[in-house]
Amino acid sequence: MTTKERFIRSAMLIAVLAALGVSRVALAVNEVEPNDPVTQAQALTIGSDGTVTVYGGILNTATHRDVDFYSFQATAGDVITVNIDGGMAADMTGVWTDLAIFGPDANGPLSLLAQSQYGIPIDSPGSATYYDARINTFVVPTTGTYVVGVSSDPGTFIDVNTLSSNQIFNDSPAYDVNGTYTLIISGVTPPVVAAPPPPPPSTPTTSACASSSRSTSRGTSWTRSVLSRWPGGSRS
């Protein structure tokens, strides 16, 4: 399946779920460039099921190593999994990904908190090899903004602004320099959606007022008619 076809399928799925009114929806979005450096990280919205999926790609050139950054809000105690699917195929074509999580600690707001180049055991059927990186059961230490970085071998993260290597291999398929991937972040406390305000109190319509006026008029006429037939003509 091509990247374009995956994007279309994702958009259609979201539309169908929304139309059905599903209460727990997993959000899926496409990568939006530029999302590097980290100051341009793509902000993600977590779905009501605590997950978000991103369809992205590593697009290295002869002079630039591509890095993708995604930010999201997490709550202290969340147990998060960050997973790459579909990066490296069984025939070793694709991209060997590296994953990192950055967030607040005593050293700063975007410290390197976790990193992985491998997905062991292999997350079948989403992944065909262990070169699809995965970070398992990361426990969020404090509520705040967290950033996931996606790079490609051999460019592991030293910190949020530095890779271990800017070298770009050209001996494909062993180390293919470019490729698409699916990033899945799960286990995040979904955002609280405020309940809509109650509707304003209803007010009588013009027609209702007119009807009430007609009823009052008819009642007055009936009363006068009865009193006119009363002995003496009226009662005080």
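Not measured: the values here are computed from a predicted model.

Parameters at a glance
All chains use their own residue numbering, which begins from 1 and follows the written sequence. Residues qualify for local features only when their pLDDT is at least 70, as the model is predicted, and side-chain atom pairs are given and counted only at 80 or more; totals for whole chains, interfaces and linings, by contrast, use all residues. To get the side-chain values, take all heavy atoms of the structure and skip hydrogens and water. Secondary structure elements follow DSSP: runs of H or I no shorter than four residues count as helices, runs of E no shorter than two count as strands, and numbering proceeds from the N terminus. Note on classification: 1.4 Å probe, protein chains only; a residue is buried when its accessible area is under 20% of the maximum for its type, exposed when over 50%, partly exposed between these limits. Contacts between residues were defined by any pair of non-hydrogen atoms, one from each residue, lying within 4.5 Å. Think of pLDDT as the predictor's per-residue confidence, scored from 0 to 100. For two strands to be treated as a pair, DSSP must find at least two bridges joining them. To pair, rings of Phe, Tyr and Trp, with the six-membered ring standing in for Trp, must have centres within 6.5 Å; the planes then decide the type, stacked if under 30 degrees apart, edge-to-face if over 60, and tilted in the middle.

### Quick notes on the overall build of the protein
Phase 1 of the analysis: A count of helices and strands for the protein gives two helices and twelve strands.
Phase 2 of the analysis: Ordered by position in the sequence, the α and β elements of the protein form the string α-β-β-β-β-β-β-β-β-β-β-β-β-α.
Phase 3 of the analysis: By the burial criterion, 36% of the 236 residues in the protein qualify as buried.
Phase 4 of the analysis: For the protein, the proportion of contacts with a sequence separation of at least 24, taken over those separated by at least 6, is 71%.

### Digging into the confidence of the model for the protein
Phase 1 of the analysis: Considering every residue of the protein, the mean pLDDT works out to 80; 71% of them sit at 70 or more.
Phase 2 of the analysis: This stretch, residues 1-23, has a pLDDT under 50; its non-local contacts, to residues over four places away or in other chains, come to 15 contacts.

### Some words on the environment of histidine 64
Phase 1 of the analysis: Mapped onto the elements of the fold, histidine 64 is located in the loop between strand 3 (52-59) and strand 4 (68-74).
Phase 2 of the analysis: A sequence separation of 102 residues divides histidine 64 from asparagine 166, and the C-alpha atoms of the two residues are 7.8 Å apart.

### Observations concerning the sheet that holds strand 4
Phase 1 of the analysis: Read across the sheet, five strands follow the order 2-4-9-6-7 without closing on themselves; strand pairing throughout is mixed. Of all strands in the sheet, those bounded by a partner on one side alone are strand 2 (42-43) and strand 7 (108-116).

### Examining the packing of aromatic side chains
Phase 1 of the analysis: Evaluation of the coordinates by the stated rule reveals ten aromatic pairs.
Phase 2 of the analysis: Aromatic side chains tryptophan 96 and tyrosine 118 sit 5.6 Å apart centroid to centroid with 55 degrees between the ring planes, which places their arrangement in the tilted category. Of this pair, tryptophan 96 sits in the loop between strand 5 (79-85) and strand 6 (97-105) while tyrosine 118 sits in the loop between strand 7 and strand 8 (134-139); the two residues are 22 residues apart in sequence, bridging distant segments of the chain.
Phase 3 of the analysis: In this structure tryptophan 96 comes out as buried when scored by relative accessible area, which is 10%.
Phase 4 of the analysis: Given the relative accessible area of 34%, tyrosine 118 is considered partly exposed.
Phase 5 of the analysis: Cluster of aromatic residues (ring-pair linked, three or more members): Trp96, Tyr118, Tyr130 and Tyr131.

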